[in-house]
Amino acid sequence: PVLVVDFGAQYAQLIARRVREANVYSELVPHSMPVDEMLAKDPKAIILSGGPASVYEPGAPSIDPKVFDAGVPVLGICYGFQVMAHELGGKVDKAALGEYGKTAAVIDDAEGLLAGSPADQSVWMSHGVAVEQAPEGFEVLAHTDGAPVAAMQDPVRRLYGVQWHPEVRHTPLGQKLIETFLHECAGLDSDWDASSIIEDQVAKIRAQVGDAQVICGLSGGVDSAVAAALVHKAVGDQLTCVFVDHGLLRKGEVEQVKHDFVAATGIRLIAVDAADDFLDALKGVTEPERKRKIIGEKFIRTFEKAQRQVIAEAGAEGKEVKFLVQGTLYPDVVESGGGDGAANIKSHHNVGGLPEDLKFELVEPLRTLFKDEVRAIGTELGLPDEIVWRQPFPGPGLGIRIIGEITRERLDVLREADAIAREELSKAGLDRDIWQCPVVLLADVHSVGVQGDERTYGSPIVLRPVSSEDAMTADWSRVPYDVLATISTRITNECRQINRVVLDVTSKPPATIEWE
Ligand code: XMP
């Protein structure tokens, strides 16, 4: 892989994605990982990300300089570039002029990393520290007003660095720079694409599973559907899908999943009605992390209980189910704190919410992938657009969209409001513009309204339409006012106890997409 060493940057994920967009496989690792461990992964190139610290401050994160002597091409970006300059004997200091945002760069030498660059380039900067002097052996390739050395290279040792952020779209030639580094400087081929991922994963799944029986928890979302299709391609009839109705699903979801999925894939599917079980366990619970843990654990218990039926349907008497397939994605892993050193933002039910005494071994073929890659694989595997382009829906379902205790009455109200919002957004042709639109019930909040000349004291519904590339960051969607107006009118007319509809206009960060 290409390793992206995370120095605590907002943009480290983005670098990993841009590398993959160049059809080269990349993985994120924390800067705290020992260099020997990094090298043991046999990296074809290493990219050092930006970060919030200043290299010359005591305790600033760094990296063992032997990474620069390992014969592996290295690209330092922003803070990573300063670390490289600092560790190799260059001069790094507080910049005379900090640069934030769009900046004009002057290319002094359009060679190597900047081969073919125009003499002037617009780049995206964010720095108050600058490399004043490049280390010995390096050529200076570019400068800006605030950065005497804005890009440098030592082609003999294959070490490269830029002060600006090539990974953000605001640097128009940024992707080209990353591709030049990967292909020209590091000599890597573009061999990472949907069909190579499929081939790779099918082989891995076969090796892991052997002739054992496998179940897959299907949620109706694209991830578990693609995971199931991959496993089915690998081990065929050894797979049975289990669709758990936990009582927290949206209107029409059970029927739709049963119909769409089976029609498209022909995979054996068992539907389990476990609503009472889940809702009993969630009685009185309001704290989001507890909700997530309870739901995660209940899922597993439900799969355990379904085992006998699975074995019977599979005609595999005498055997037991050894493996559980989950559609866990890379962002789930990173955000649940599993991405080596990342903070636990929330426990995605299928990662941090698993019970400790799990009897199944997990099969997670999408664990290193981003959503757009999963969609490409789904299409390559022949899944229809209705499945591949379904908007994400979290495993804990409406349970994490009722702020407060989950009750059947509240679920009914939310289900109606959600169905209205989805219907109107679809009607307006916005399905692909919007990444997803959680509809949230603030169940314990009450406000005064007037409906039919009567005073009401009802709860608000929040609309949370967002646009995103991978759910790691998101912006609120600018849905046309008239569409919002229709949704608002219909929800307040048709949903009992709802007398206000409000719009969430917060990006991620600082918020998350879901409210819990
Ligand atoms: P957040 O709220 O963390 O959501 O910004 C990021 C994306 O993940 C989805 N999500 C989940 N998906 N199990 C899932 O399968 C979960 O526990 C879970 N929590 C959040 C969320 O809908 C969004 O697409």
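Residues numbered from 1 in each chain as written. Predicted model: local features only at pLDDT ≥ 70, side-chain atom pairs only at ≥ 80, totals over all residues.

K.L.:
Would you take a moment to explain the overall build of the protein chain for this structure?
P.N.:
Regarding its fold elements, the protein chain presents 14 helices and 20 strands. For the protein chain, whose C-alpha radius of gyration is 26 Å, the value lies close to the compact-globule estimate of 24 Å for 516 residues. Oriented by its inertia axes, the alpha-carbon framework of the protein chain measures out at about 70 × 65 × 40 Å. Counting across all 516 residues of the protein chain, residues that qualify as buried make up 47%. Here the analysis covers contacts within the protein chain between residues at least 6 apart in sequence; of these, 73% occur between residues at least 24 apart. (Helix = DSSP H or I, 4+ residues; strand = E, 2+ residues; numbered from the N terminus. Rg over C-alpha atoms; globule rule 2.2 N^0.38 Å. Buried ≥ 20, exposed ≤ 12 C-beta atoms within 10 Å, placed from the backbone. Contact = placed C-beta atoms within 7 Å.)

K.L.:
Hey, could you run me through helix α11 (residues 371-380) in this one?
P.N.:
One turn of an α-helix holds 3.6 residues; hence residues three or four places apart share an orientation. Every buried residue of α11 is accounted for by K371, E373, V374, R375, I377 and G378. Buried residues along α11 sit against α1 (12-21), α5 (194-209), α6 (222-235) and α12 (385-388). G382 lies just past α11 and shows a positive phi near 90°.

K.L.:
Could you clarify how one ought to interpret the domain arrangement of the protein chain in this entry?
P.N.:
It is common to report an interface's size as the accessible area lost on association of the parts. Here the domain parsing of the protein chain yields domain 1 (2-185), domain 2 (194-388) and domain 3 (407-503). Here the C-alpha centre of domain 2 lies 38 Å away from the C-alpha centre of domain 1. (Domains from an automatic or database assignment.)

K.L.:
Help me out: how do you make sense of the nonpolar core in this one?
P.N.:
General note: in soluble globular proteins, nonpolar side chains tend to be found buried as a group. Core analysis: the biggest nonpolar cluster contains 74 residues, and V214, C216, V226, A228, V231 and A417 have the highest contact counts within it. No other element matches α6, which puts 10 residues into this core. Structurally, this core is a two-domain feature, drawing no fewer than three residues from each of domain 2 (194-388) and domain 3 (407-503). Those residues within four positions of V214 in sequence are excluded, and the remaining contacts are V209, V231, V235, Q238, L239, V321, F323, V325 and V363. One finds L14, A16, F68 and I178 within the second-largest nonpolar core, a separate group that totals 67 residues. (Core = buried A, V, L, I, M, F, W, Y, C linked by C-beta atoms within 7 Å.)

K.L.:
Can you walk me through the sheet that holds strand β13 (residues 321-325) in this structure?
P.N.:
Backbone-to-backbone hydrogen bonds join strands into a sheet, with any given pair of strands oriented parallel or antiparallel. On the basis of which strands lie adjacent, the open sheet formed by 5 strands has the order β12-β11-β10-β13-β14 and parallel pairing. Taken across any chain shown, the strands that pair with only one partner, and hence form the sheet edges, are β12 (269-273) and β14 (361-363). Between one strand and the next, the sheet's axes are offset by a mean angle of 30°, whatever the strand orientation. Relative to strand β11 (residues 239-245), strand β10 (residues 213-218) is paired through 5 bridges, and the arrangement is parallel. Counterpart to V214 in the pairing with β11 is L239. Contacting β10, β11, β13 and β14, α6 crosses the sheet at an angle of about 160° to β10. (Pairing = 2+ DSSP bridges. Axes fitted to C-alpha atoms, helices over the stretch in contact; angles between N-to-C directions.)

K.L.:
Can you help me understand helix α7 (residues 253-265) in this one?
P.N.:
Given a rise of 1.5 Å per residue, 13 residues ought to cover 18 Å, and the 17 Å separating the end C-alpha atoms of α7 matches this to within 8%. V257, F261 and T265 are the residues of α7 that are buried. With its buried residues spanning 10° around the axis, α7 presents them on a single face. Those residues of α7 that are exposed and aimed more than 90 degrees away from the buried face are E255, H259 and A263. Tucked inside the fold, the buried residues of α7 contact β10, α6, β11, β12 and α12. Just beyond α7, the residue with positive phi is G266, at close to 70°. (Expected span 1.5 Å × (residues − 1). Arc of directions from axis to C-beta.)

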